[in-house]
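Overview (structure and organization)
Single-letter residue listing:
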Amino acid sequence: MHTASDSHSNPFRCARSRPAKISILRRTTIMLHETDVAVIGGGLVGIAIAYGLANQKVSSIVLDEGDGAIRASRGNFGLVWVQGKGLLLKEYTPWAMKAAEYWPELAERLMSETSIDVGLMQTGGLFFCKTPEALAQRVADMAQVKAQFGGEYNYDILDNAGVRKMVPEIGHTIAGASYSDYDGQANPIRLLRAFHRAYGALGGTYLANNGVLGIRHVEGKFEVRTTDGIVRAQRIVLSAGLGNVKLGDMLGVEIPIRPMRGQIMVTERLPQMFGLAMEQVRQTDDGTLLIGTSWEDVGFDLSTTDETSRRIANDAIDFFPFLADVKIIRTWAALRILSPDASPIYDELVPGAFLVTCHSGVSLAAIHAFESAKWIVEGAVPQSMEAFGLKRFAKTKRPQLVA
Ligand SMILES: Cc1cc2nc3c(=O)[nH]c(=O)nc-3n(C[C@H](O)[C@H](O)[C@H](O)COP(=O)(O)OP(=O)(O)OC[C@H]3O[C@@H](n4cnc5c(N)ncnc54)[C@H](O)[C@@H]3O)c2cc1C
């Protein structure tokens, strides 16, 4: 591994990116940047990686689209969640557990570097099951996750009375819940802001309004063409959420992710009343409740719908009957970035071009910053992470090296 102190052997120069202006056809001036790593996408995944690179004193530029972009990082639920992860890919269970363990260090570091409190609360979490059938399914799923994991994996299955001991406000019709103390929540918008601020303070360069239009490999470097100029980099990271599909095309790689809409409703502010996280109803640190568990396969449609809002509201009242008297103040939709097994994809697509994408960018934020960023510096996704590669999706085409 190359570190900042290892500057003689480090393939990166540990210098800040250098912009220069060049003229093409005399009339157009475009911005040319040279850097060690171009990170494409400035959402939670890209900025976590970029922050990790900056911590290792590796120069990088984050290329992002503008305000109209599709961004899961600004529309999510904010859970730092472990329970249930790994059902379809067993290696995801220990990865999610380790990610949760890293989180307190991330929250502390961001606080000391930016004075932003990212609102981390890791006090355990409940996953409610409305019906006995749903509870039976949850029992089976959690048992499968535990058996596949094979190590110590603590959780409880609770009936209504058991849930009531933890949250007395629970509705009497709810069958039960699963509980694990690995789970928690954070404020995802403050997390995003803190990452960006810390990255800037460490010398990182963030370029908004720089959607990537093309990627070429020229003279041993990647030449990344954006709407605003060209960035040359030794390595690139594809961390553009749903935009990774188009970026993969540019490298000749099919990336099997798709949008999955989730609608969220937000209530007026209420006094803090829950001492733990809940997958279906989450109280934020400013007192509002986020409600919502829709999974809608509707492509890139970002609308909210009356039908789903009604269903979410009715479910929420079943969970917590007092909500019938609480005002909803806003609602939004955002698109999950979903792989076929709902697990992250980490791979090196062609030498020097890394893909980092996942559905759980809040939960995995700390591990992306502290571990995944090292893969980019070391120039390889470790063997131990092979299970997360594209190979697991049999039909995915492997690329030819870009010319
Ligand atoms: C409803 C909902 C609830 C969720 N709840 C949780 C939760 O509770 N816990 C959790 O851990 N996760 C949750 N998630 C998932 C989480 O939000 C995402 O995993 C995370 O935000 C993904 O971050 P990202 O950076 O990969 O993608 P995004 O946030 O979508 O960012 C991608 C960025 O890439 C940029 N981009 C795209 N194409 C290009 C291009 N060609 N050139 C340059 N830039 C480009 C975009 O402009 C954008 O800024 C939820 C998601 C949704 C939708």
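Every value quoted in this text rests on a predicted model; they were computed, and no experiment measured them.

Observations concerning the sheet that holds strand 5 (residues 125-129)
- The strand order 6-7-5-14 describes an open sheet built from four strands, whose pairing is mixed. Two strands close off the open sheet at either side, each with one partner strand: strand 6 (156-159) and strand 14 (277-278).
- Across five bridges, the pairing between strand 5 and strand 7 (residues 176-180) is antiparallel. Residue glycine 125 lies in a different strand from strand 7, and its bridge partner there is serine 180.

Concerning the sheet that holds strand 13 (residues 258-267)
- Sheet architecture is open: four strands sit in the order 15-16-13-17, paired in antiparallel fashion. Unpaired on one side and paired on the other, strand 15 (281-283) and strand 17 (328-338) mark the two borders of the sheet. Strand after strand, the sheet turns through a mean of 25° between neighbouring axes, direction not considered.
- With two bridges connecting them, strand 13 and strand 16 (residues 289-291) associate as antiparallel partners. Across the sheet, residue valine 266 finds its bridge partner in strand 16, namely leucine 290.
- Across the sheet, helix 7 (residues 306-319) lies against strand 13, strand 15, strand 16 and strand 17, angled at about 55° from strand 13, the strand it touches most.

Thoughts on the pattern of salt bridges
- All chains considered together, the criterion is met by 19 salt bridges.
- In this structure, the salt-bridge partner of lysine 98 is glutamate 371, at a minimum N-O distance of 2.7 Å. Placement of lysine 98 in helix 2 (residues 92-114) and of glutamate 371 in helix 8 (residues 365-378) is noted, with a sequence separation of 273 residues between them.
- Among the residues examined, lysine 98 registers a relative accessible area of 34% and is labelled partly exposed.
- A relative accessible area of 16% places glutamate 371 in the buried class.
- The salt bridge involving lysine 130 is made with aspartate 318; its shortest N-O contact spans 2.9 Å. Highlighted residues: lysine 130 in the loop between strand 5 and helix 3 (132-149) and aspartate 318 in helix 7, separated in sequence by 188 residues.
- For aspartate 318, a relative accessible area of 30% gives the class partly exposed.

Cut-offs applied
Residues numbered from 1 in each chain as written. Predicted model: local features only at pLDDT ≥ 70, side-chain atom pairs only at ≥ 80, totals over all residues. Heavy atoms only, no water. Pairing = 2+ DSSP bridges. Helix = DSSP H or I, 4+ residues; strand = E, 2+ residues; numbered from the N terminus. Axes fitted to C-alpha atoms, helices over the stretch in contact; angles between N-to-C directions. Contact = heavy atoms within 4.5 Å. Salt bridge = Lys/Arg side-chain N within 4 Å of Asp/Glu carboxyl O. Buried < 20%, exposed > 50% of the residue type's maximum accessible area, 1.4 Å probe, protein only.

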